[in-house]
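# A closer look at the structure
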Amino acid sequence: MPGVQSANFLPRIEIFAISLASIFLFVGLGAIALAAFRHRERMWIVTWFGVFSLLYGVRLFAESRSFLAMIPGPPSLIRYTIAAVTYTILIPALLFWYELSTPRLHRLVKAMIWAAVVVFVLGIGNLFLTGNTQRFMPLNNILAIVLILSTATINCIPRLARRYLTIQSPVLAIGTVTLAAAALYANLSTFIGYAVNGFVEPPAFAIFVFAIGYVAAKHVMTNERRLLSIEQELEVAREIQNSILPADTPKLNGLDIAAAYYPMASVAGDFYEFIQIDEHRAGFLIADVSGHGVPAALIASMIKVAMHAVQAHAADPGELLRGLNRILSHQLKGQFVTAGYLFVDMEAKLARYSGAGHPPLLHWNFANGGLRRLESNGLLFGVLKDTHYPSAELRLNAGDRFLLYTDGLTEPENSTGEQFGADRIVHVLRSAPARTCADVSRTLFHESKSWQPPNTPQQDDVTLIVLGVQ
């Protein structure tokens, strides 16, 4: 009877081992596929865990007698496979540990990784040259014991876990200690010489895989909640930023005006503002803060406030920019702002322009079809607290068009690296002169975006102010 019970019990163990091996293979392949699918997020910790789990599943299959009975080939091939996997598996395990640890522990883990690589090269090289599977296995087992003891110790002591681990969790500690105990039991047999029950380590590894899965799922859910909160805050910030932009364009006799604002993200560093004095005169400001996102958007909001302090200089572009620079220099904290300001007097048929490191104002002359680029640039805001901004004066003639823009319009590149550039802007300005400024603005943005290869995301904020003299 005992013999019958043993005969019936062995297949159950084999079936359970093969089932666990299949799970480890599935988990490993799934983790590798997930990391490859989301490669932009640099999920190396998932990649190395996947390779570790995959190799462990392969070794467990190779150690299963029931599975081996179905595989053709000499028994030595199976021994070589088990040895090769054993020499290899420590490398992804250490790389996983490296990703899990803080920089304070990286130097030690790197040293262990290089040691594991050396043992791998020696072990695999000796395996191919002599067929001996065990010559360098003691060195491999020593490294495994060091890894086991260090991971278990750090995970079990909260003070060390907070200092050396990027993720701390009681579940992860339980899984790590369980696997460590089983692996230590298996690896010490090389030196002490006791018989190892091969069924001890696989269930321990299954507990470890469950612990990693639990921690990963919890980590993902926490990140998703954090991202959702950030997205909600950015949406509020976007609404606030949109509220500080002018709701309408000025109404000036004899002037068609269109303004367009295309942020790259929820919030942007581009800004524009109008100062209307009366039905004949108005000022047009456009600005571009260095960088993107929330910091640039905050500075753009500061420009809105600063504009109220310099409205008295609306008719003097150079003095207005000088005042803005003086106010903002204390607040920029290492960032910079380019700006262009155009003042238009439709009664006198004159305009004045000044810039602060900004792309030139484009003036298309309807009468002769020529294009004038007005630089009139002083320094960017934030370089010097007090600086001079020269201004240029020009006549306004019927049919003329003016374009204020940020560099996000001209910098998109095609597949050969050629920028959209100012020449293509001129082509749009010259074509169909009877079109409204709103049509010209939409066409410019569409042409600039279409210049890039298909499905290329917008690389910078784009803001346009188009003026047409009627």
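Structural notes, computed from the coordinates.

About the cut-offs
Residues numbered from 1 in each chain as written. Predicted model: local features only at pLDDT ≥ 70, side-chain atom pairs only at ≥ 80, totals over all residues. Heavy atoms only, no water. Buried < 20%, exposed > 50% of the residue type's maximum accessible area, 1.4 Å probe, protein only. Helix = DSSP H or I, 4+ residues; strand = E, 2+ residues; numbered from the N terminus. Pairing = 2+ DSSP bridges. Contact = heavy atoms within 4.5 Å. Core = buried A, V, L, I, M, F, W, Y, C linked by side-chain atoms within 4.5 Å. Salt bridge = Lys/Arg side-chain N within 4 Å of Asp/Glu carboxyl O. Phe/Tyr/Trp six-rings, centres within 6.5 Å; stacked < 30°, edge-to-face > 60°. Axes fitted to C-alpha atoms, helices over the stretch in contact; angles between N-to-C directions. Patch = residues over 30% accessible without salt bridge, like charges linked within 9 Å, V, L, I, M, F, W, Y side chains within 5 Å. Areas by Shrake-Rupley, 256 points an atom, 1.4 Å probe, with all protein chains shown as cover. Expected span 1.5 Å × (residues − 1). Polar contact = N/O pair within 3.5 Å; in protein donor to acceptor, adjacent residues only side chain to side chain.

## Digging into the pairing of strand 4 (residues 337-345)
By the criterion of burial, strand 4 is predominantly enclosed, with 9 of the 9 residues buried. The alternating pattern of strand 4 places Val 337, Ala 339, Tyr 341, Phe 343 and Asp 345 on one face and Thr 338, Gly 340, Leu 342 and Val 344 on the opposite face, and all of these are buried. Bridge count between strand 4 and strand 5 (residues 350-356): 6 bridges; the pairing is antiparallel. Bridged to Asp 345 within strand 5 is Leu 350.

## Let's talk about helix 12 (residues 421-430)
Listed in full, the buried residues belonging to helix 12 are Gly 421, Ala 422, Ile 425, Val 426, Val 428 and Leu 429. The inward-facing, buried residues of helix 12 contact strand 6 (361-364), strand 7 (371-374), strand 10 (401-405) and helix 13 (437-450).

## A look at the nonpolar core
Ranked by internal contacts, the top residues of the largest apolar core, which has 53 residues, are Trp 97, Phe 205 and Phe 208. Those elements giving two or more residues to this core turn out to be helix 1 (2-37), helix 2 (44-62), helix 4 (75-100), helix 5 (103-130), helix 6 (137-156), helix 7 (158-164), helix 8 (170-192) and helix 9 (201-244). At 13 residues, helix 4 tops the list of elements feeding residues into this core. The residues contacting Phe 205, other than those within four sequence positions of it, are Phe 24, Phe 52, Ser 53, Tyr 56 and Leu 179. Of all hydrophobic cores here, the second largest spans 52 residues; its members include Ile 286, Leu 321, Leu 324 and Ile 465.

## Re the pairing of strand 9 (residues 392-395)
The two faces of strand 9 differ: Ala 392 and Leu 394 on one face are buried, but Glu 393 and Arg 395 on the other face are not. Pairing between strand 5 and strand 9: 4 bridges, direction antiparallel. Note on strand 9: the bridge partner recorded for Arg 352 is Glu 393.

## Quick look at the pattern of salt bridges
Enumeration over the complete set of coordinates arrives at 8 salt bridges. Put simply, Asp 278 and Arg 281 hold a salt bridge, and the shortest N to O gap is 2.9 Å. Exposure remark for Arg 281: the relative accessible area of 29% places this residue in the partly exposed category. What emerges from the salt-bridge pattern is a single network uniting Glu 319, Arg 322, Arg 326 and Asp 386.

## Remarks on the packing of aromatic side chains
Describing an aromatic ring pair means giving the distance of the ring centres and the angle of the ring planes. One pass over the structure, following the stated rule, counts 14 aromatic pairs. Judged by centre distance (3.9 Å) and plane angle (5 degrees), the rings of Tyr 56 and Phe 205 are stacked. Within this pair, whereas Tyr 56 is found in helix 2, its partner Phe 205 is found in helix 9, the two being separated by 149 residues in sequence. Taking the relative accessible area as the measure of exposure, Phe 205 reaches 0% and is therefore buried. Ring geometry for Trp 364 and Phe 366: centres 6.0 Å apart, planes at 80 degrees, overall edge-to-face. By relative accessible area, Trp 364 is classed as buried at 5%. On the basis of relative accessible area, Phe 366 is assigned to the partly exposed category, the value being 43%. A connected cluster of aromatic rings, assembled from ring pairs, spans Phe 24, Phe 49, Phe 52, Tyr 56, Phe 96, Phe 205 and Phe 208.

## Notes on the sheet that holds strand 1 (residues 255-262)
Sheet architecture is open: 5 strands sit in the order 1-11-10-6-7, paired in antiparallel fashion. The open sheet has two edge strands, strand 1 and strand 7, and neither has a second partner. Each strand of the sheet is rotated relative to its neighbour by a mean of 15 degrees, with strand direction disregarded. As judged from the 8 bridges shared by strand 1 and strand 11 (residues 462-469), these two strands associate in the antiparallel manner. By the bridge assignment for strand 11, Ile 257 is matched with Leu 467.

## Remarks on a nonpolar patch on the surface
On the surface, Leu 139, Ile 142, Val 146, Phe 191 and Ile 192 cluster together into a nonpolar patch covering about 450 Å² of accessible area. Listed by contribution, the elements that provide at least two residues to the nonpolar patch are helix 6 and helix 8. A total of 3 residues in the nonpolar patch trace back to one element, the largest contributor, which is helix 6. Within the element layout of this structure, Leu 139 appears in helix 6. Assessed through its relative accessible area of 42%, Leu 139 is described here as partly exposed.

## What to know about helix 10 (residues 293-309)
With 17 residues, helix 10 extends 26 Å from end C-alpha to end C-alpha; this agrees with the ideal 24 Å at 1.5 Å per step. Within helix 10, burial applies to Ala 296, Ala 297, Ile 299, Ala 300, Ile 303, Ala 306 and Met 307.

## Digging into the side chain of Ser 448
Within the fold, Ser 448 resides in helix 13. Looking at Ser 448, the relative accessible area reads 3%, which means it is buried. Separated by 2.7 Å, the side chain of Ser 448 and the backbone oxygen of Leu 409 make a polar contact. Among residues more than four places away in sequence, those in contact with Ser 448 are Gly 408, Leu 409, Pro 412 and Phe 420.

## Some words on unusual backbone geometry
Phi at Lys 349 is positive, roughly 55 degrees, even though this residue is not glycine. If you trace the backbone, Lys 349 turns up in the loop between strand 4 and strand 5. One non-glycine residue, Ser 376, adopts positive backbone phi at about 40 degrees. Here Ser 376 shows up in the loop between strand 7 and strand 8 (377-378). Since its relative accessible area comes to 17%, Ser 376 is described here as buried.

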